[in-house]
Amino acid sequence: MSEVERAADRIAVINAGQIIQSGTLVELQNVASSEVEVTTKVPADQLAKFAGVTKFTELNSSNSYGFSIKVADLEPVMTYLTKIGIKNLSIQRPSLDELFLKYYNVREEK
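Residues numbered from 1 in each chain as written. Predicted model: local features only at pLDDT ≥ 70, side-chain atom pairs only at ≥ 80, totals over all residues. Heavy atoms only, no water.

A.B. asks: Tell me about the overall build of the protein chain, and please be specific about residues and values.
C.D. replies: Scanning the protein chain from N- to C-terminus turns up 4 helices and 6 strands. The N-to-C order of helical and strand elements in the protein chain reads α-β-β-α-β-β-β-α-β-α. Seen through its C-alpha atoms, the protein chain measures out along the principal axes to roughly 50 × 30 × 25 Å. Here the protein chain holds 110 residues, and 30% of them are scored as buried. Carbon and sulfur atoms form 49% of the exposed surface of the protein chain, whose accessible area is close to 7,100 Å². With 12 positive and 14 negative side-chain charges, the protein chain shows a spacing of 5 Å between the two charge centroids. (Helix = DSSP H or I, 4+ residues; strand = E, 2+ residues; numbered from the N terminus. Buried < 20%, exposed > 50% of the residue type's maximum accessible area, 1.4 Å probe, protein only. Areas by Shrake-Rupley, 256 points an atom, 1.4 Å probe, with all protein chains shown as cover. Lys, Arg positive; Asp, Glu negative; His and termini not counted. Charge placed at Lys NZ, Arg CZ, Asp CG, Glu CD.)

Have a look at this one:
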């Protein structure tokens, strides 16, 4: 689906003849969760308590964490992380394949 990501202005996910989600790639990514990995200078004791943080895990490295979050919930988390000090940060937005499967599977479960 990388061709679609490069060529399409708008995307629609269709299941059983019904449009179940549509928008630009960025719009679709903004309503889905992104995967975050961060290493901080000091322990991030409050990170798991922020609204929107899901799948929180402490990674193998000292002060390293992984979690999922939607873009709309990211600002207060980033403010907190900036205050305690970020050593390394990676944010992986969902691919079009992942979005398609998310929306398609949600429709199938209903």
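A.B. asks: So what's going on with the packing of aromatic side chains? Which residues, and what values?
C.D. replies: In the structure shown here, the tally under the stated rule is 2 aromatic pairs. Seen in terms of ring centroids, Phe50 and Tyr80 are 5.2 Å apart; in terms of plane orientation they differ by 45°. Their pairing is tilted. Note that Phe50 is positioned in the loop between β3 (33-40) and β4 (54-58) and Tyr80 in helix α3 (residues 74-84), a separation of 30 residues in sequence. With relative accessibility at 22%, the residue Phe50 sits in the partly exposed group. Judged by centre distance (5.7 Å) and plane angle (20°), the ring pair of Phe56 and Tyr65 falls under stacked. (Phe/Tyr/Trp six-rings, centres within 6.5 Å; stacked < 30°, edge-to-face > 60°.)

A.B. asks: Describe the nonpolar core, and please don't skip the residues or the numbers.
C.D. replies: One finds Leu47, Phe67, Ile69, Val77 and Leu81 to be the most contacted residues of the largest nonpolar core, which totals 13 residues. Looking at this core, the elements with two or more residues in it are β3, β5 (64-70) and α3. The element best represented in this core is α3, accounting for 5 residues. Contact partners of Leu81, with chain neighbours within four places excluded, come to Val38, Thr40, Leu47 and Ile86. (Core = buried A, V, L, I, M, F, W, Y, C linked by side-chain atoms within 4.5 Å. Contact = heavy atoms within 4.5 Å.)

A.B. asks: Lay out α3 with the relevant residues and their values.
C.D. replies: Among the residues making up α3, those that are buried are Leu74, Val77, Tyr80, Leu81 and Ile84. Along the axis of α3, the buried residues cluster in a sector spanning 130°; they form a single face. Residues of α3 that are exposed and angled more than 90 degrees away from the buried face: Glu75, Thr82 and Lys83. (Arc of directions from axis to C-beta.)

A.B. asks: Describe the sheet that holds strand β6 (residues 86-92), naming the residues involved and giving the relevant values.
C.D. replies: The strand order across the open sheet formed by 4 strands is β4-β5-β3-β6, and the pairing between neighbours is antiparallel. In this open sheet, the two edge strands, each paired with only one partner strand, are β4 and β6. When strand polarity is set aside, the average angle formed by the axes of neighbouring strands in this sheet is 15°. One ladder, built from 3 bridges, connects β4 with β5; its direction is antiparallel. (Pairing = 2+ DSSP bridges. Axes fitted to C-alpha atoms, helices over the stretch in contact; angles between N-to-C directions.)

A.B. asks: Lay out the pattern of salt bridges in plain terms, naming residues and giving numbers.
C.D. replies: Per the stated rule, a full pass over the model turns up 1 salt bridge. Salt-bridge contacts for Glu27 lead to Arg10; the nearest nitrogen and oxygen are separated by 3.6 Å. Separated by 17 residues along the polypeptide, Glu27 in helix α2 (residues 25-30) and Arg10 in the loop between α1 (2-7) and β1 (11-15) bring together distant segments of the chain. By relative accessible area, Arg10 is classed as exposed at 53%. (Salt bridge = Lys/Arg side-chain N within 4 Å of Asp/Glu carboxyl O.)

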